[in-house]
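Breakdown of the fold
One-letter residues, chain by chain:
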Amino acid sequence: MKLIRFGAPGVEKPGLLLEDGTRLDVSEFGEDYTEYFFETDGPDRLQHWLNNNIAECPKIAEDVRLGPPLVRPSKLVCVGLNYAKHAQESGMNIPSEPVLFFKATSAIVGPNDDVVIPKGSLKTDWEVELAFVIGKRASYVSEQEAMDHVAGYLLHNDYSEREYQLEREGQWVKGKSCDTFAPLGPFLATKDEIPDPHNLNLWLTLNGEMMQNSNTSDFVFGIPKLVSYISEFMTLLPGDIVSTGTPFGVGLGLNPPKYLKAGDMVELGIEGLGSSKQKAIAYQ
Ligand code: ZN
């Protein structure tokens, strides 16, 4: 199943994207895509409900905005330097264990919402990433059991302000958490839709020019390792999102570096997970 949410920011309703591209309003199911939904086998329950009710589900008009495909979760955990070539372009060593950081969940927006260049920012950068969503609470999970805790996958652009991230004191969180810095979607694909998450092409263009073009087979640490590793340090709750890092080709790694300016168009996608598009606008 491909879960979507639609409508104005903050009042989105749950929907589904069908194989033929039809977008269905499933708000009559009575639940949004929350922690409770994932914790209680929501995708299975929704599928059963759909089998009896699909004929009554209204279609969503083409021009209706898509929101993030799940309700704001307790955590958005990110993995840094998880592709060897990206670690090199960032001037950093390939890490011996996963590098973790948080992104404020208030940064989450819809897949095609504008990205706001923060007030005074000169170094706003892009990062196409495969993200996964937790389906079952994970604490001290082994790598063998890890995939049982994953509900599905989605596309994420981990926007990053490099001055805030790298030139200011302290942690990366400051450069990762600005409003609109986490466009998610277009949809959340349940796990059955993506048989091998470790072999997916992913790409990103800036004003039509290819900047990132790689494959998740280049991961330093795969998803079972990440679930297991993160669950040593915190409990991952249903609906929590883990973003698995970005490949080579961010603005920081260019010579000279290149950053977003108002009016730029960023498009990105992952095989099986659709594409998204953000226009960069100035802070007002
Ligand atoms: Zn990232």
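1. Section: the domain arrangement of the protein chain
- For the protein chain, the assigned domains read domain 1 (2–56) and domain 2 (71–282).
- The straight-line distance from the C-alpha centre of domain 1 to that of domain 2 is 24 Å.
- Each side of the interface is counted separately: domain 1 has 13 residues, and domain 2 has 14 residues.
- Regarding the contact of domain 1 and domain 2, the summed buried area is about 1,100 Å², with carbon and sulfur atoms giving 62% of it.
- Of all residues in domain 1, the largest losses of buried area upon contact with domain 2 belong to Lys2, Glu35 and Phe38, amounting jointly to 49% of the total for that side.
- Where domain 1 meets domain 2, there are two salt bridges.
- We note a salt bridge from Glu39 to Arg137, for which the minimum N-O separation is 3.8 Å.
- Joining domain 1 to domain 2, the criterion identifies three residue pairs in polar contact (both at pLDDT 80 or more).

2. Some words on the nonpolar core
- Leu3, Tyr33, Phe38, Leu46, Leu70 and Phe132 are the most contacted members of the largest nonpolar core, which totals 72 residues.
- A total of six residues in this core trace back to one element, the largest contributor, which is strand 10 (residues 128–134).
- Looking at which domains feed residues into this core, each of domain 1 (2–56) and domain 2 (71–282) supplies at least three.
- Filtering out sequence-adjacent residues up to four positions away, Leu70 remains in contact with Arg5, Tyr33, Phe38, Val133, Leu154, Leu184, Leu188, Gly239 and Ile241.
- Within the second largest apolar cluster, five residues are counted, among which are Cys78, Leu81, Ala87 and Trp172.

3. Notes on the coordination of the zinc ion
- All of the protein donors around the zinc ion are Glu127 (OE), Glu129 (OE) and Asp158 (OD); their distances to the metal are 1.9 to 2.0 Å.
- Written as a sequence motif, the donor residues of the zinc ion are E-x1-E-x28-D. The pair Glu127 / Glu129 is uniform in exposure class, with both members buried.

4. Regarding the side chain of Lys176
- Relative to the helices and strands, Lys176 is located in the loop between helix 4 (162–167) and strand 13 (182–183).
- A polar atom in the side chain of Lys176 sits 2.8 Å from the side chain of Ser160.
- Look past the residues within four positions of Lys176 in its chain and what remains in contact with it is Phe101, Phe102, Lys103, Glu127, Asp158, Tyr159, Ser160, Arg162, Gln165 and Phe181.

5. Re empty space enclosed by the protein
- Scanning all chains against the criterion turns up one cavity of 30 Å³ or more.
- Taken as a whole, the largest cavity holds about 110 Å³ of empty space.
- Around the largest cavity, the lining is made up of 17 residues, and of these Leu81, His86, Glu127, Gln165 and Trp172 lie nearest the centre.
- Among the secondary structure elements, those contributing two or more residues to the lining of the largest cavity are strand 5 (76–80) and helix 4.
- A per-element tally of the lining of the largest cavity places helix 4 first, with three residues.
- Split into classes, the residues belonging to the lining of the largest cavity amount to seven nonpolar, five polar and five charged.

6. A word on the sheet that holds strand 8 (residues 115–117)
- Strands sit in the order 8-19-18-15-16 across an open sheet of five strands; the sheet is mixed. Each edge of the sheet is formed by a strand with only one pairing partner; in this case those strands are strand 8 and strand 16 (209–215). Taken pair by pair, the neighbouring strands of this sheet meet at an average axis angle of 20 degrees, ignoring direction.
- Judged from the five bridges that link them, strand 15 (residues 201–206) and strand 18 (residues 265–270) form a sheet pairing that is antiparallel. Considered in strand 18, the bridge of Leu206 is made with Val266.

What counts as what
Residues numbered from 1 in each chain as written. Predicted model: local features only at pLDDT ≥ 70, side-chain atom pairs only at ≥ 80, totals over all residues. Heavy atoms only, no water. Domains from an automatic or database assignment. Contact = heavy atoms within 4.5 Å. Buried area = accessible area lost by both parts, 1.4 Å probe. Salt bridge = Lys/Arg side-chain N within 4 Å of Asp/Glu carboxyl O. Polar contact = N/O pair within 3.5 Å; in protein donor to acceptor, adjacent residues only side chain to side chain. Core = buried A, V, L, I, M, F, W, Y, C linked by side-chain atoms within 4.5 Å. Buried < 20%, exposed > 50% of the residue type's maximum accessible area, 1.4 Å probe, protein only. Helix = DSSP H or I, 4+ residues; strand = E, 2+ residues; numbered from the N terminus. Donors = N, O, S within 2.8 Å, 3.2 Å for Na, K, Ca; no water. 1 Å grid on protein atoms, 1.4 Å probe; cavity = no way out; pocket = protein on both sides within 12 Å on 5 of 7 lines; lining within 4 Å. Points joined across faces, edges and corners; volume = space filled by probe spheres on them. Nonpolar A, V, L, I, M, F, W, Y, C, P; charged D, E, K, R; others polar. Pairing = 2+ DSSP bridges. Axes fitted to C-alpha atoms, helices over the stretch in contact; angles between N-to-C directions.

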